[in-house]
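For reference, the chains in residue letters:
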Amino acid sequence: MRVISGQSLSDIAVQEDGNIETVFEWAIKNGKSITEKLVPGELLVNPNSELKDKPLSEYFKGVQKKIATGITKQNYELIVADEGIGAMIIESTFIVG
């Protein structure tokens with residue numbers, strides 16, 4: 001399984017196994033923490049879990065959808081605008097006084 005930008009082990013567990021509970025097996029099999037940031041292009045070994053929800057994992061394969069819930073450089077600008085109150089930092093770009 002090759003990691004894409006913005007993917008976490010949780011994303012991969014749901015995408016590949018259709019079950020978030022397999023995230024621990026993915027972590028152990030690949031020597032990672034469940035919260036570790038993954039590198040795009042990195043190859044992970046599938047633990048072939050018995051907890052796999054076959055219909056749901058087959059759905060993702062059938063529709064060829066990849067799950068990537070992390071914030072990436074490409075989508076950061078879509079979430080946080082470069083202007084306005086949402087982008088201001090108190091005592092830096094927003095002075096209280």
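As a reminder, the structure under discussion sits directly above these lines.
Residues numbered from 1 in each chain as written. Predicted model: local features only at pLDDT ≥ 70, side-chain atom pairs only at ≥ 80, totals over all residues. Heavy atoms only, no water.

A.B. asks: Can you lay out the overall build of the chain for me, pointing to particular residues and giving the numbers?
C.D. replies: Of the regular secondary structure elements, the chain holds 4 helices and 0 strands. Each helix and strand of the chain, ordered N terminal to C terminal, gives the series α-α-α-α. Buried positions account for 27% of the 97 residues belonging to the chain. Considering only residue pairs separated by 6 or more positions, the chain has 58% of its internal contacts joining residues 24 or more positions apart. (Helix = DSSP H or I, 4+ residues; strand = E, 2+ residues; numbered from the N terminus. Buried < 20%, exposed > 50% of the residue type's maximum accessible area, 1.4 Å probe, protein only. Contact = heavy atoms within 4.5 Å.)

A.B. asks: Account for the environment of W26, naming residues and giving values.
C.D. replies: Within the secondary structure, W26 is located in helix α2 (residues 23-29). Sequence separation between W26 and N48 is 22 residues; the distance between their C-alpha atoms is 8.9 Å. Discounting residues that sit within four places of it in the chain, W26 has contacts with M1, L9, I12, A13, E16, D17, L44, V45, N46 and P47.

A.B. asks: I'd like a rundown of a nonpolar patch on the surface, residues and numbers included.
C.D. replies: A cluster of nonpolar residues, L56, Y59 and V63, forms a patch on the protein surface that exposes about 250 Å² of accessible area. For L56, the location among the structural elements is in helix α3 (residues 54-63). (Patch = residues over 30% accessible without salt bridge, like charges linked within 9 Å, V, L, I, M, F, W, Y side chains within 5 Å. Areas by Shrake-Rupley, 256 points an atom, 1.4 Å probe, with all protein chains shown as cover. Salt bridge = Lys/Arg side-chain N within 4 Å of Asp/Glu carboxyl O.)

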